[in-house]
Amino acid sequence: MNTMEYFTNNLQPLAEKILSNQRISEEEALTLFENFELPQLSLLATHRKESVSGNKVFYNRNIHIEPTNICVYNCRFCSYRATSETDSYIFPTEKIIEKISAVADNITEVHITGGVHPDWGVYFFADLLKNIKTQFPHLHIKAFTAVEIAYMCKIDKLEIADGLRILKDAGLSSLPGGGAEIFDESVREKISPEKPSGQLWLDVHRTAHLIGLPSNATMLFGHVESRAQRIAHMSALRALQDETHGFNCFIPLKFR
C-alpha cells in the first residue's frame, strides 16, 4: 500500500516527515489542524503511536478522591466549586480511608485532587498521605495539581521543591496534570484570572520531575482558545519533556 496516495501533492511533504518520525514545527502543526482531514490525521497518528509502543495500550485502575469542593479560586468554567456553605463539603481523613477501603483490592492507584482549600498546607496533606500509605502500601498515590501544590506551599511558607519533597517522603508517587488549561496568559485572563500563571504550572512540574516525581500533562481545549494557542501549549509541554523526560502521558480535556 502506498500511504502517500491518501495525501494530495501539497500535503505529502509534511505527511512524509511525520511518517519518517521527524519532529514537526508549530507552523507545521497548524497546517495539520487547518489542511488535513480527520482520516489522514488518524493514519498519521496511528503510525506514530505504533512506532512508539507497538500494539500495546496502558491503563490503571484508580479511585478519584476529592477531599473538598471549597476553593479559593473561581475559574469561569468550573461547576465543581462550592458557591455557598450549604453546597460545600469536606471529607475527613477517616471518610477518605473508608472510600479507599471499599475498592482497595480492585485498584492500583489513588488519585487525589480537589478544591484549593484556604487553610490546608503541605503538612496537612502530608499527614493524609501517610495515613493512606500506612494502610494501603501497595497503592500508587497520584495527587495534587500544580495549583494546589503552589498554594499549600504558600500556606506553610515553603519553597516548591521543599514542599514536594515533604509530600514525596509522606507517600506521594506522582502528580496529575490538572490545572494546565491553556498556558497563554490572554486566555487564562478570560477563563481563570485568579489562577496562577501557566509558567507556574510548568515550573511546578519541572521541579517535581527533577526530584523524582513523574507527572501527567493536560490541556483544556474547545473554549476561547485559538488553534495556534493550543499548539503553543503543546509545544511548551514538549519542551519540558525534552528537558526532564518526566511526563507519563498527555491528556487533552474537551471543554463541556
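Look up a bit, the structure's there.
Definitions and cut-offs
Residues numbered from 1 in each chain as written. Predicted model: local features only at pLDDT ≥ 70, side-chain atom pairs only at ≥ 80, totals over all residues. Heavy atoms only, no water. Helix = DSSP H or I, 4+ residues; strand = E, 2+ residues; numbered from the N terminus. Buried < 20%, exposed > 50% of the residue type's maximum accessible area, 1.4 Å probe, protein only. Contact = heavy atoms within 4.5 Å. Areas by Shrake-Rupley, 256 points an atom, 1.4 Å probe, with all protein chains shown as cover. Lys, Arg positive; Asp, Glu negative; His and termini not counted. Charge placed at Lys NZ, Arg CZ, Asp CG, Glu CD. Core = buried A, V, L, I, M, F, W, Y, C linked by side-chain atoms within 4.5 Å. Salt bridge = Lys/Arg side-chain N within 4 Å of Asp/Glu carboxyl O. Phe/Tyr/Trp six-rings, centres within 6.5 Å; stacked < 30°, edge-to-face > 60°.

A. Quick look at the overall build of the protein. Helix and strand counts for the protein come out as 10 helices and five strands. Projected onto the principal axes, the alpha-carbon positions of the protein cover approximately 60 × 40 × 35 Å. Counting every position in the protein, which comprises 256 residues, the buried fraction comes to 42%. In the protein, the proportion of contacts linking residues at least 24 apart, taken out of those at least 6 apart, comes to 75%. Carbon and sulfur atoms provide 52% of the accessible area of the protein, an area that totals close to 13,700 Å². In the protein, 26 positive and 31 negative side-chain charges are present, and the distance between their average locations comes to 3 Å.

B. Geometry of the side chain of Ser235. Mapped onto the elements, Ser235 comes out in helix H10 (residues 227-244). Overall, Ser235 belongs to the buried group, its relative accessible area being 18%.

C. The arrangement of the nonpolar core in detail. Counting 42 residues, the largest nonpolar core has Ile100, Ile132, Phe144, Ile149, Leu167 and Trp201 as its most contacted members. Here this core takes six residues from helix H5 (residues 122-135), the largest share from any one element. Of all hydrophobic cores here, the second largest spans 12 residues; its members include Ile18, Ile24, Ala29 and Phe36.

D. Main features of the pattern of salt bridges. Applying the stated criterion to the full structure yields 10 salt bridges. A salt bridge links Arg206 to Glu243; the shortest N-O distance between them is 2.9 Å. Of this pair, Arg206 sits in helix H9 (residues 198-210) while Glu243 sits in helix H10, and the two are 37 residues apart along the sequence. Here Arg206 falls in the partly exposed class, since its relative accessible area comes to 23%. We note a salt bridge from Glu225 to Arg230, for which the minimum N-O separation is 2.6 Å. Residue Glu225 shares its accessibility class with Arg230, and that shared class is buried. Members of the salt-bridge network, linked through shared partners, are Asp203, Arg206 and Glu243.

E. Structural detail: the environment of Ile191. Residue placement: Ile191 occurs in helix H8 (residues 185-191). Its relative accessible area of 7% is what places Ile191 among the buried residues. On a C-alpha basis, the gap between Ile191 and Arg76 in space is 5.1 Å, while along the polypeptide they are 115 residues apart. Apart from the residues within four sequence positions on either side, Ile191 is in contact with Cys75, Arg76, Phe77, Glu181, His223 and Val224.

F. Examining the packing of aromatic side chains more closely. Counted according to the given criterion, the structure contains nine aromatic pairs. On the numbers, 6.4 Å between centres and 80 degrees between planes, the contact of Tyr73 with Tyr151 is edge-to-face. A residue pair is termed long-range when its members are at least 10 positions apart, and Tyr73 in the loop between strand E1 (62-65) and helix H4 (93-101) and Tyr151 in helix H6 (residues 146-155) qualify at 78 residues. You'll find Tyr73 and Tyr151 in the same group, each marked buried. Between the aromatic rings of Trp120 and Phe124, the centroid separation amounts to 4.4 Å while the plane-to-plane angle is 15 degrees, which identifies the pairing as stacked. The exposure class of Phe124 is partly exposed, given its relative accessible area of 36%. Chaining the aromatic ring pairs together yields one cluster made of Trp120, Phe124, Phe125 and Phe144.

G. Region of the structure containing unusual backbone geometry. The backbone of Asn21 sits at a positive phi, close to 60 degrees, despite the residue not being glycine. Turning to its location among the elements, Asn21 is positioned in the loop between helix H1 (12-19) and helix H2 (26-35).

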